[in-house]
Structure formats: structure tokens, C-alpha cells
Amino acid sequence: MDPFNYQLNLRNIFPPTLRNFPDQEIVYRDLRRLTFKEFYERVSRFSSGLSKIGVKPGDKVGILDWDSDFYVQSYFSIPMMGAVLHTVNIRYPPELIFYTMQHAEDKYVLIRDEFVPLIEKAAQLFDFVKGWIIYSDTDEKIKTTLEPHYYYNELVESSEHYEFPDLDENTIATIFYTSGTTGMPKGVTFSHRNIVLHAMALAIAVRSDPLYITDRDVFMNLVPLFHVHGWGFPHVTMITGNKYVLPGRYDIKRILELIKNEHVTLSMMVPSILYMILTHPEIEDYAKYLEGLKVGIGGAGLTPGLLKLAEKYGIKPFSGYGLSESCPVLTIAVYNNRVKKMNDEKKQYYRLSTGIPMPLVHVKVVDSSGNEVPWDGKTIGEIVVRSPWLTKEYFKDEEKTKELWRDGWMHTADLAFVDAEGYLHIVDREKDAVKSGGEFIPSMLIENVISEIPQVAEVAIIGKPDLKWGERPVAFVTLKENIDKKSIYEYLEKYVYTGRIQKWWIPDDIIFIKEMPKTSTNKIDKKELKKLLN
């Protein structure tokens, strides 16, 4: 490669990392600890082993695993040798696991032992797979009918150092599939350049007020590694040299133990995971270890009710925003120079917002004609974005790609307004928006208000067909303690009086359910709620 055309590829992350942080740790549950130097050695030897069994540049390599050190090794071993890592969504039903692996054209598959029986049941369907690499937390070789198969530990232990090529930064590194909430999952791909620039910008953004993340912070992401690069933090960690803790399969008691024992100070998660942590029956035993924990919330809005519950334990939540198509992070609710000067009460409003753009992100909210809406805190439009780490396409889907990219901007289908300080506030997904009498009802604002009721656990607003108005809102609610509809309506009326919401936004009905349906990434599944209405 031309020395004056330095490639932003994953290989080139490591020279300063290994020089500056060789003894920093990656911790997998209570089972294993690796220094960065040891980690890189395993990355290298694993690539060598994969090469021996036939993995070539451009091959798609799928992985089915929980959040393990093996998984993070694969984040680097596979792309750095020129192959493409497919992070398979293990929470898909079996038919979608098959569909996405076939659609992606996976040639080799890395698979945790406990998922082997699932694949064996339909092994004949996976005739496109050339080899299965089986991984276990122990050295035990499980018996399998999958052929040909290899064992991860044997591949690593029998292989030597791999000389990674200096790949063109535009080489595709990863593919994964969207949650499939609006139809069949869609594949998105990202290059080495996309991933490296995203990680660098994210590393800069989280050092802002009020987060002030430094190299002393200990990361434990609670975003599945199959989901949008684990929001980028495996890559950030290798750049910034932070200790990185991996919880394996999510178990709330184990997560609390890891926070306690490994002194975790930063985590990322969807709201439902934070809620499960905060309502765990043994939460009081861990209260002092949660003090000061910084928690990034994405995938759905950070509600005032959840913020209040988190702050009870000294947790400091903040919001972020992105999507599968954007690698994913675009905005974070950090303070700009004007907000820094405000009092704490006013700052909370901005912490609950969708945030401001990260470095190198250009975000606009536009009307149906593509004109930017005023920053008036009320005019709703669609978020469109440009940045150097957005996917170029939906894999093998030209029609959907054209819908995604219009007029040189990626269209997110998220509806938002912008306040006078330039902060985004998402009010709905376009597909979930309630349009009543030709006007949008901002469902997230209604959800936020209802979430502040102490007895409410979770809430979701959806639209119900209405002959007169087209649609009217309905609230689905799960409870922590008993409360009746009348009390919730009285609470909403108070906010009408103060001007926070409008009277015609109040849901026509409130439906109590035992549990919210969730997507494979633990977001509330409004598609399933609409089925309940029907």
C-alpha cells in the first residue's frame, strides 16, 4: 500500500493499542481474563486457523454466540483477514436465522455449543455452509452431526501467528440484519473505514460533559454483540484502552455481580434492560456499587420515570440515537456550550432528549418537501443524515436502498423536532406514528408522561383506526402496583392544564397487560401490540 495513503482498517488500530495498553484486561464473566496482548495473540492465531480450513478474503463467516471473549475476537480475526463477519441474531426464530444466513451467503459458521442442537434439527437446509467451528466455555469436544466441523480451541492452539494484510479501508468488514419489525429483516454492510471512523468519533463524543469518560472507566456493554456492532464499543475499547467486561448470556444477577466485582463504570443498554436491573429483587444489596454508574440508553427513549428510578441508585443515564443502517451511533445527549451554563433542572430536559450530533455527523429534520424545519421545539419532520459510516445499501435489495437514500441523504423514518439549542427530540417512528385528523400525535411525549406515574412499569402508545379521525391513540400499560384508568386519565389532565400535552393527544383507551411484547433486541414490539388490538 502507498505509505501516503494510510488505510483506516481494523489492523491499523492495534499497533498503538499493543504498545500503550498491553496489560489492560478483557474479562469474560468469572471464567477468563485476557490482557490485550494475549487477546491479540488469540485473534492472530484464530485467523491463521480459519485460513487453514479454507476461509478466504470475501467469504461470509456467521457467528452464533452470546457476548463472550470469543465473539470479540471474531470481531477482529475475521474482518482483518479480509473475510466478512456476519453477526447472526440469535434471538430470531429458527426460520429467520436460516433466512439471514442463506441470504448473507455464509460459507463458514462459528457456533457456541448450546446452539448446535438447534442447527442440527434442520442441518440439511444449511448445505451452503462449508464448515462449522464449534466453541465451548470448556475444552470439551461436543459430538455433532454437523459436517465438516472443527473445534475453536484446536484451531487456535495448533496455529501460528497470522500476518494480516493492509486491506483497502473500503473492504467490507461486516454484515448483519435489521430487527425485522416492518417485514423481513434487511441486510446492511459496513466497511473497515466505516467502523474505524465511527469508533473514533464515538470515543471523542463520550469524553464530553456530563460523561467525561476516561481511560480509567470500565466498560460493560449490555447491547448484544450481534446487534449493530454492540453499538461500537468493542472497537472503541481497542482504541481507548479501557478495561472491557463481557457478561455472556444476560443474567441480571450475574450482571450485578460483575458490576460489583469488576468496578464497572459505563454501560450501554435498551430501557428494558435497565428496568430489569433496577427492579431485580436483590437490587438493594448492590446499591452502593451502582453509585456513579453511567448508562447510555438507546433503541427507545429514556423516559422521565426510568430516569427518576435510576437516579434513586445514583446511576447517571444519558440518551443516544442511531439505527442499524448507521453503524449505529449518530447523536448523544451531551451538553453543548450553552446547556453547560444552565442549572441542573434545565439540563435534565436535554439529558432526556435524543441529543446532538457526534463529530462528523450532519443531521437535519425535514418536512415532506425536504426543507429543514425550524428549530422551534414543535415542528415535526423526518430525521435525515449524512456521515462517513452509513451503510451504502440494503444487501441485495435495490428498491429498499432507493427508499433509504434519497436526494443524497439517508432517510431514517424517525420523526422528531429540534429545539432552540439544536437538540433532537424523537417523537415517533414514521411507521408507528399516530396521525389523527391529519396531525401527528407525538406518542413518545405521551409515553414519557405516563411513565412518570409511580405505579407504571412500561407504556406504549399505538394508533387505532378511527372512522372520523383516521387514527386515535391507545395506551398499553404494564404495572408495578395497582392503579386504575381513571387515575391515569386524571394524571394526564394535569399535564393538559400545564400545557405539556394537548387534550386531543390523550389516549382513547388504556389497556393493561401483564407483559410487553419485545423484539429480538429487547425493544417494545408495537407490531405485536397492534395485533392485540385487532
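In this convention, every chain numbers its residues from 1, walking through the sequence in written order. Restriction of local features to residues with pLDDT of at least 70 applies here, the model being predicted, together with a cutoff of 80 or more for giving and counting side-chain atom pairs; totals for whole chains, interfaces and linings are based on all residues. To get the side-chain values, all heavy atoms of the structure are used, and hydrogens and water are removed first.

Draft legend 1. Focus on helix α9 (residues 252-262). Each residue gets one of three labels from its accessible area relative to the maximum for its type: buried under 20%, exposed over 50%, partly exposed in between, using a 1.4 Å probe on protein chains only. Here a strand is any run of E in DSSP of at least two residues, a helix any run of H or I of at least four, and the numbering for each starts at the N terminus. Taken together, the buried positions of α9 are Ile-252, Ile-255, Leu-256, Leu-258, Ile-259 and Glu-262. Relative to the axis of α9, the buried residues are bounded by an arc of 160° and lie together on one face. We call two residues in contact when some of their heavy atoms are within 4.5 Å. Summarising the contacts, the buried residues of α9 are in contact with β1 (25-28), β2 (32-35), β10 (218-219), β11 (243-246), α10 (271-278) and α11 (287-290). Of the residues one or two after α9, His-263 is the one with positive phi, at around 60°. As used here, the arc belongs to the directions running from the helix axis to the C-beta atoms.

Draft legend 2. View of the packing of aromatic side chains. Each aromatic pair joins two rings of Phe, Tyr and Trp (for Trp, the six-membered one) with centres within 6.5 Å, and gets the label stacked for planes under 30 degrees apart, edge-to-face for over 60, and tilted for any other angle. As enumerated under the stated definition, the model contains 22 aromatic pairs in all. An angle of 45° between the planes, with centres 4.9 Å apart, marks the rings of Phe-14 and Tyr-40 as tilted. Within this pair, whereas Phe-14 is found in helix α1 (residues 14-20), its partner Tyr-40 is found in helix α2 (residues 36-52), the two being separated by 26 residues in sequence. Exposure class is identical for Phe-14 and Tyr-40. Each is buried. Relative to Tyr-495, the ring of Tyr-491 lies with its centre 5.3 Å away and its plane at 50°, an arrangement referred to as tilted. Of this pair, Tyr-491 and Tyr-495 both sit in helix α17 (residues 485-498), separated by 4 residues, roughly a single helical turn. Given a relative accessible area of 19%, Tyr-491 falls into the buried group. Here a set of aromatic residues connected by ring pairs shows up, and it is made of Phe-14, Phe-39, Tyr-40, Phe-76, Tyr-162 and Phe-164.

Draft legend 3. The arrangement of unusual backbone geometry in detail. For the bond running from Asp-209 to Pro-210, omega is 15°, close enough to zero to count as cis. With respect to the helices and strands, the residue Pro-210 is situated in the loop between α7 (192-205) and β10. A cis geometry characterises the amide bond from Cys-327 onward to Pro-328, with omega recorded as 15°. In the Ramachandran plot, Leu-360 falls in the positive-phi region, its phi being about 75° despite a non-glycine side chain. As for its position among the elements, Leu-360 is in the loop between β16 (356-357) and β17 (362-366). Residue Lys-396 is not a glycine yet carries a positive backbone phi of 60°. On the secondary structure map, Lys-396 appears in the loop between β18 (381-386) and α15 (398-404). Take Lys-396: its relative accessible area is 46%, and that puts it in the partly exposed class.

Draft legend 4. Here's a closer look at the sheet that holds strand β25 (residues 470-479). Spatial ordering of the open sheet is given by β24-β25-β26, a layout of 3 strands whose pairing is mixed. If you trace the sheet from one side to the other, it starts and ends with β24 (456-466) and β26 (509-512), each paired once. Across this sheet, the average inter-strand angle for adjacent strands is 25°, counted without regard to direction. One bridge is not enough; two strands pair if DSSP finds at least two bridges between them. Bridge count between β24 and β25: 10 bridges; the pairing is antiparallel. For Ala-460, the partnering residue across the bridge sits in β25 and is Phe-476. Only the stretch in contact is used when a helix axis is fitted, and all axes are lines through C-alpha atoms; the angle between N-to-C directions ranges over 0 to 180 degrees.

Draft legend 5. Structural detail: the nonpolar core. Grouping buried Ala, Val, Leu, Ile, Met, Phe, Trp, Tyr and Cys residues that are joined through side-chain atoms within 4.5 Å yields what is termed a nonpolar core. One finds Leu-64, Phe-76 and Ile-332 to be the most contacted residues of the largest nonpolar core, which totals 154 residues. Counting residues per element, this core draws most heavily on α7, which supplies 8 residues. The contact partners of Ile-332, leaving out residues within four places of it in the chain, are Leu-202, Ala-205, Val-206, Leu-211, Phe-318, Ser-319, Gly-320, Thr-354, Gly-355, Ile-356 and Met-358. Counting 20 residues, the second-largest nonpolar core is a separate cluster that includes Val-456, Val-459, Ile-461 and Ile-501.

Draft legend 6. Molecular detail of the sheet that holds strand β6 (residues 131-135). Spatially, 7 strands are ordered β7-β6-β5-β3-β4-β8-β9 in an open sheet, and the strand pairing comes out mixed. Each end of this open sheet is capped by a strand with a single partner; those strands are β7 (149-151) and β9 (187-191). Across this sheet, the average inter-strand angle for adjacent strands is 25°, counted without regard to direction. Note: strand β4 (residues 84-87) against strand β8 (residues 172-177), 2 bridges, orientation parallel. Bridging from a neighbouring strand, Leu-85 pairs with Thr-174 of β8. Relative to the sheet, helix α3 (residues 69-80) contacts β3 (60-64), β4, β5 (106-112), β6 and β8, its axis offset from that of β4 by approximately 145°.

Draft legend 7. Expanded view of the side chain of Arg-351. Mapped onto the fold, Arg-351 is located in helix α14 (residues 344-351). Within the local environment of Arg-351, its side chain forms a polar contact with the side chain of Glu-311, the two groups lying 3.1 Å apart. Those residues in contact with Arg-351, other than ones at most four positions away along the chain, are Leu-302, Leu-307, Glu-311, Lys-316, Pro-317, Phe-318, Ser-319, Ala-333 and Tyr-335. Within 3.5 Å is the distance limit for a polar contact, defined as a pair of N or O atoms, with the added protein rule that one can donate a hydrogen and the other accept it, and that residues adjacent in sequence qualify only through two side-chain atoms.

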